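# A structural walkthrough
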Amino acid sequence: MSSPSKRREMDLMKLMMSDYKVEMINDGMQEFYVHFHGPSDSPYHGGVWKIRVELPDAYPYKSPSIGFINKMYHPNVDEMSGSVCLDVINQTWSPMFDLVNVFEVFLPQLLLYPNPSDPLNGEAAALMMRDRAAYEQKVKEYCQRYAKPEDVGAEPEEKSSDEEMSEDEYDSSDEAVVGPVDP
C-alpha cells in the first residue's frame, strides 16, 4: 500500500472516529460527505451543512476539494456551487494538515472570520461591510431555511418533550436508521 493511500485511510478513519458524521459516496475512500455544524458564538450556530469532500490521488501532498452542498450565505462561499475560498485549502495546504483540521479548525475559522475583501459571494461581502447586523440576520435566515439537521439527513439535536409522535411516526422512524449499531 502506498504512503498517500495509507495516509488517506488513516485520516478518514480519524475523521470518522471524531464527532463528525461521514457518509461515503462510492466504494472508494476518495469521495464522501461530512455533516458540519456551525460554530457556536457565530450567526451560523445551529446550522448543519453537508460538505462534499474529494481527496485527490496525491493527498495529503495535494489539498482536498471541499464544497457546501446545502446553501450557505458567506462572503467566501459561492452560493450556487458551494465552492470555498480558503487560502489554507486552496494555496497553503501542507501534508502536516489532516481532515480533522479542516473540520475542527479551518472551516470554523472561515465562518467566524469571513474575509469580505476576497469574496466568492459579492453580495454577502458587500452586505457584511455595509451593515453587519443585516448580514448576520441574512445568515440566520439561510441557516433556518437551508441548514436544518433534516436538510442534510441528520436527526434534529433534540425534540422538545411536548412534541409527541404518533405510533405510526415512531415505527417508521426506526426503519430510517441505516448502518451498523454502535456497541
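Residues numbered from 1 in each chain as written. Predicted model: local features only at pLDDT ≥ 70, side-chain atom pairs only at ≥ 80, totals over all residues. Heavy atoms only, no water.

## Notes on the overall build of the chain
Across its full length, the chain holds 6 helices and 4 strands. Listed by position from the N terminus, the elements making up the chain come as α-β-β-β-β-α-α-α-α-α. Across the 183 residues in the chain, those meeting the buried criterion constitute 40%. Put simply, the chain shows about 11100 Å² of open surface, and 49% of that area lies on carbon and sulfur atoms. (Helix = DSSP H or I, 4+ residues; strand = E, 2+ residues; numbered from the N terminus. Buried < 20%, exposed > 50% of the residue type's maximum accessible area, 1.4 Å probe, protein only. Areas by Shrake-Rupley, 256 points an atom, 1.4 Å probe, with all protein chains shown as cover.)

## Describing the side chain of Asn76
Summarising the element assignment, Asn76 is placed in the loop between β4 (65-68) and α2 (87-90). Excluding residues that lie within four positions of it along the chain, Asn76 makes contacts with Ser83, Val84, Cys85, Leu110, Pro114, Asn115, Asp118, Pro119 and Leu120. (Contact = heavy atoms within 4.5 Å.)

## Considering the packing of aromatic side chains
Inspection of every chain in the model, using the stated rule, returns 10 aromatic pairs. Between Tyr59 and Trp93, the ring centres sit 6.1 Å apart and the planes meet at 40°, which makes this aromatic pair tilted. With Tyr59 in the loop between β3 (48-54) and β4 and Trp93 in the loop between α2 and α3 (99-112), this pair connects stretches of sequence that are 34 residues apart. The residues Tyr59 and Trp93 share a single accessibility class, namely buried. (Phe/Tyr/Trp six-rings, centres within 6.5 Å; stacked < 30°, edge-to-face > 60°.)

## Digging into the nonpolar core
The nonpolar side chains of soluble globular proteins are, as a tendency, buried together. Of all hydrophobic cores here, the largest spans 39 residues; its most connected members are Leu15, Phe32, Trp49, Ile51, Val53, Phe103 and Leu107. Of all the secondary-structure elements, those providing two or more residues to this core are α1 (3-17), β2 (31-37), β3, β4, α2, α3, α4 (122-130) and α5 (132-146). Dropping the residues within four chain positions of it, Leu107 is found in contact with Phe36, Ile51, Ile66, Phe68 and Val102. (Core = buried A, V, L, I, M, F, W, Y, C linked by side-chain atoms within 4.5 Å.)

## A short note on unusual backbone geometry
Glycine aside, the phi torsion of most residues is negative, and most peptide linkages are trans. Between Tyr59 and the following residue, Pro60, the backbone shows a cis peptide bond with an omega angle of 15°. Mapped onto the elements of the fold, Pro60 is located in the loop between β3 and β4. Notably, Asp41 is not glycine yet its phi reads approximately 60°, a positive angle. Mapped onto the elements, Asp41 comes out in the loop between β2 and β3.

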